[in-house]
Amino acid sequence: MVDFTNVTKQYGKQILFLEASFKVNPGEKIGLVGPNGAGKTTVFRLILGEERADEGAVERPRRLTIGYFRQDFAEWRDRSVLAETIAGAGAVAEAGEELAILEAKLEDIDDPDYDRILERYGEAQARYQEGGGYDLEARARALLNGLGFSQVEMDGKVGALSGGWRMRVQLARLLLARPELLLLDEPTNYLDIESIVWLEAWLRDYPGAVLMTCHDRDVMNRVVGKVLEIDGGRIRTYTGDYDAYERARALDAAQREAEFQKQQAMLAKEIRFIERFKAQPSKASQVQSRAKKLEKIERIEEPRRFIERTYAFAKPERSGNDVVAVKGVSKGYGARRIHNGLDLMVRRGERWAIMGANGAGKTTLLKMMAGALAPDAGAVTIGASVSLGYFAQHQMETLDADLTVFEELQAHAPREGQGVLRNLAGAFGFSGDDIDKPIHVLSGGEKARLAMAKMLFDAPNLMVLDEPTNHLDLATKRALVRALDGYEGTLVFVSHDRTFLRALATRVLELGPEGPHLYPGTYDEYVTAVGREAPGLRQE
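All residue numbers refer to positions counted from 1 along the written sequence of the respective chain. Under the rules for a predicted model, residues below a pLDDT of 70 receive no local features and side-chain atom pairs below 80 are neither given nor counted, while totals for whole chains, interfaces and linings still include all residues. With hydrogens and water set aside, each side-chain value is computed from the structure's full complement of heavy atoms.

Remarks on the packing of helix 13 (residues 405–412) against helix 15 (residues 444–458)
Axes here refer to lines fitted to C-alpha atoms; in helices the fit is confined to the stretch in contact. Angles between the N-to-C directions go from 0 to 180 degrees. Numbering goes from the N terminus for both helices and strands, where a helix is a DSSP run of H or I of at least four residues and a strand is a run of E of at least two. Orientation of helix 13 relative to helix 15, taken along the N-to-C sense of each, is 25°, at an axis distance of 11 Å. As summarised for this structure, helix 13 and helix 15 are arranged roughly parallel, according to the angle between their axes. Here the hand of the crossing between helix 13 and helix 15 comes out right-handed. Here Val405, Glu408, Leu409 and His412 of helix 13 come into contact with helix 15, specifically with Leu450, Lys454, Phe457 and Asp458. When residue character is reported, Ala, Val, Leu, Ile, Met, Phe, Trp, Tyr, Cys and Pro are called nonpolar, Asp, Glu, Lys and Arg charged, and the others, Gly included, polar. Of the residues in the contact of helix 13 with helix 15, the class split is four nonpolar, one polar and three charged. Just so you know how the angles are binned, under 35 degrees is roughly parallel, over 145 roughly antiparallel, 65 to 115 roughly perpendicular, and the rest oblique. Here a crossing is called left-handed whenever its near helix is offset anticlockwise from the far helix by less than a right angle, and right-handed whenever the offset is clockwise. Residues count as neighbours in contact if any of their non-hydrogen atoms are within 4.5 Å of one another.

Have a look at this one:
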């Protein structure tokens, strides 16, 4: 289907690929992994023909249909969510639009071109029927439902949606088209847990091939059967899911390290012999022989060593036992009641995961706990000796666009040494020259990581976190989970990342139409108790 053969690609002095090869076969589900800047997006562009290889070949059938979901906003017209989604069906959608135009013209039976219009109508109808056009709307509604849209929202205008919801429409358009090859660049970034669970099931059952990048470990484990790793100009292929890839990668790395060290020891031994006896005539032939041998030996390249990001919290001050008291809290927007007489008590050391379908009031509750939103009735009281840290996506707006990453951290912690701040930056993905990037050129995900780093540095004894893993890569997520796992304070958080939920939650609060329900236990225990991974799971 797609054949990468000895592909070399570089930008200036940066070599992305050096004689890289891999294949995408029909129906395969493949994960594409590698550090930022390794060339994952370039792989997509080479497959699409948007870029050309410097050397080697990228071959694919001329008539292969490809759909590409990328992390930017597509243009949209002033039409409904449903109409925009259906437009993604390409030729079938165009045939449907042509049918509507021709139907209007056929109302005029006196039109001198009536017979020609009727003939065109028959041709368009045949194309429409052959492409499954008559169930197109039903399929589009099922996809949109799976991605979290209500029936009312499907009929609303795309232009009224936020950026994240427009990305869902873009994804729905692509899935409706059902190309032979799907290229997906972080498709879960803007999805809630219900939509993620739905999407992974859809992709598993999809008959076409899928090549995807994804920072959700559960999705990678449940969807892909092969992993392509890009690192250091090489592309390595591993069979199995993401967990199998990590095990195989660790074994490969250990073997390469052992081979390198073995050769280094042998070289050192030969060099010592040559240096020791090169001045002795009796050893001249042996020295010459060994020197020639060294010249002919193909040197094993020093392996690239993966350095796991780490960050250790400063120990927070001990808070009182009662950390957050929510008493009789009600909150609504217009006529819609989100919370009605809510009572909760969060105690020191607990780790609350707040779950609920879209619109259940998760973020509203976190905002009230953080003091960013006042309840309509009742009270949210922070306990004695509690220092609060609050993270939400909008906090990236508080960063000073004129500063660099390091300068922003320095301004936040002027008394700390450079080593501490560089370690903090590195734990959240800012290494090397990245630490000197001006904030105004950072992506949304990079800004979110920097805002998170600032809050975690303060080590408050209560952290309220709203989707803290959004846009974080898998390495940064691991560093965050490890740091929070050793954190001695209290956590209240919302997350759509099941690995994060599984690692940290000790209590799960489910918000739903029947009211709140508290499950005292881990996320896995919650799943066992309720028989589902999220409250509002949807079916296609």
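Here's the deal with the sheet that holds strand 15 (residues 462–466)
Should DSSP find at least two bridges between two strands, the strands are regarded as paired. Spatial ordering of the open sheet is given by 14-15-16-12-17-18, a layout of six strands whose pairing is mixed. Every interior strand has two partners, whereas the edge strands, strand 14 (388–391) and strand 18 (517–519), have only one. Pairs of neighbouring strands in the sheet enclose a mean axial angle of 15°, with direction left out of account. Where strand 12 (residues 351–356) lies against strand 17 (residues 507–511), five bridges are found, and the strand directions are parallel. Following the sheet pairing, Ile354 is matched in strand 17 by Leu509. Across the sheet, helix 15 lies against strand 14 and strand 15, angled at about 175° from strand 14, the strand it touches most.

Digging into unusual backbone geometry
Residue Asn6 is not a glycine yet carries a positive backbone phi of 50°. Mapped onto the secondary structure, Asn6 falls in strand 1 (residues 2–11). Accessible area is worked out with a 1.4 Å probe on protein chains only. A residue is then buried under 20% of its type maximum, exposed over 50%, and partly exposed in between. The exposure class assigned to Asn6 is partly exposed, which follows from its relative accessible area of 41%.

Concerning the pattern of salt bridges
Any Lys or Arg side-chain nitrogen found within 4 Å of a carboxyl oxygen on Asp or Glu counts as a salt bridge. As enumerated under the stated definition, the model contains 37 salt bridges in all. Across the pair Arg249 and Glu229 runs a salt bridge, and its minimum N-O distance is 2.3 Å. With Arg249 in helix 10 (residues 242–277) and Glu229 in strand 8 (residues 226–231), the pair connects residues that are 20 residues apart, well separated along the chain. On the accessibility criterion, Glu229 (4% relative accessible area) is buried. Taken together, the salt bridges that share partners define one network made up of Glu200, Asp216, Asp218, Arg222, Arg498, Arg502, Asp524 and Glu533.

Looking at the packing of helix 5 (residues 136–146) against helix 7 (residues 163–177)
Where helix 5 meets helix 7, the closest approach of the two axes is 10 Å, and the angle between their N-to-C directions is 135°. Here helix 5 lies oblique to helix 7, going by the angle between them. The crossing of helix 5 and helix 7 is right-handed. Two secondary-structure elements touch here, helix 5 through Leu136, Arg139, Ala140, Leu143 and Leu144 and helix 7 through Ala172, Leu175 and Leu176. Looking at side-chain class alone, the contact of helix 5 with helix 7 contains seven nonpolar, no polar and one charged residues.

A word on the packing of aromatic side chains
Each pair of aromatic rings taken from Phe, Tyr and Trp, with Trp reduced to its six-membered ring, is defined by centres within 6.5 Å and is described as stacked if the planes are under 30 degrees apart, edge-to-face if over 60, and tilted in the remaining cases. Here the structure, examined in full by the defined rule, presents ten aromatic pairs. Their ring planes at 20° and their centres at 4.9 Å tell us that Trp202 and Tyr206 sit as a pair that is stacked. Tyr206 carries the same exposure label as Trp202, and that label is buried. Ring centres of Tyr242 and Tyr245 lie 5.3 Å apart, and the angle between their planes is 55°; this geometry places the pair in the tilted category. On the criterion of helical spacing, the pair formed by Tyr242 and Tyr245 is a turn pair, its members being three residues apart in helix 10. Taking relative accessible area as the criterion, Tyr242 reaches 6% and is therefore assigned buried. An aromatic cluster is built from Tyr238, Tyr242 and Tyr245, whose rings are joined through pairwise contacts. Between the NZ or CZ atom of Arg422 and the centre of the ring of Phe406, over which it lies, the distance is 5.1 Å. Here, a charge over a ring is recorded when the distance from Lys NZ or Arg CZ to the ring centre is within 6 Å and its angle to the ring normal is within 35 degrees. Directly above the ring of Phe430 sits Arg449, whose terminal nitrogen or CZ lies 4.9 Å from the centroid.

Some points on the environment of Lys327
One can find Lys327 in strand 10 (residues 322–333). Those residues in contact with Lys327, other than ones at most four positions away along the chain, are Leu342, Asp343, Gly378 and Ala379.

Observations concerning helix 13
All buried positions along helix 13 are accounted for by Val405, Phe406, Glu408 and Leu409. Down the axis, helix 13 shows its buried residues gathered within 160° of arc, on one side only. Buried residues belonging to helix 13 abut helix 14 (418–427) and helix 15. This arc describes the spread of directions from the helix axis toward the C-beta atoms.

Notes on the pairing of strand 8
In terms of burial, strand 8 is largely enclosed, as six of its six residues are buried. A two-sided burial pattern is seen for strand 8, the buried positions comprising Lys226, Leu228 and Ile230 on one face and Val227, Glu229 and Asp231 on the other. In this sheet, strand 8 lies alongside strand 3 (residues 29–33) in parallel orientation, the contact comprising four bridges. From the neighbouring strand, Val33 faces strand 8, where its bridge partner is Glu229. As defined by bridge partners, strand 8 adjoins strand 9 (residues 234–239) across six bridges and the pair is classed as antiparallel.

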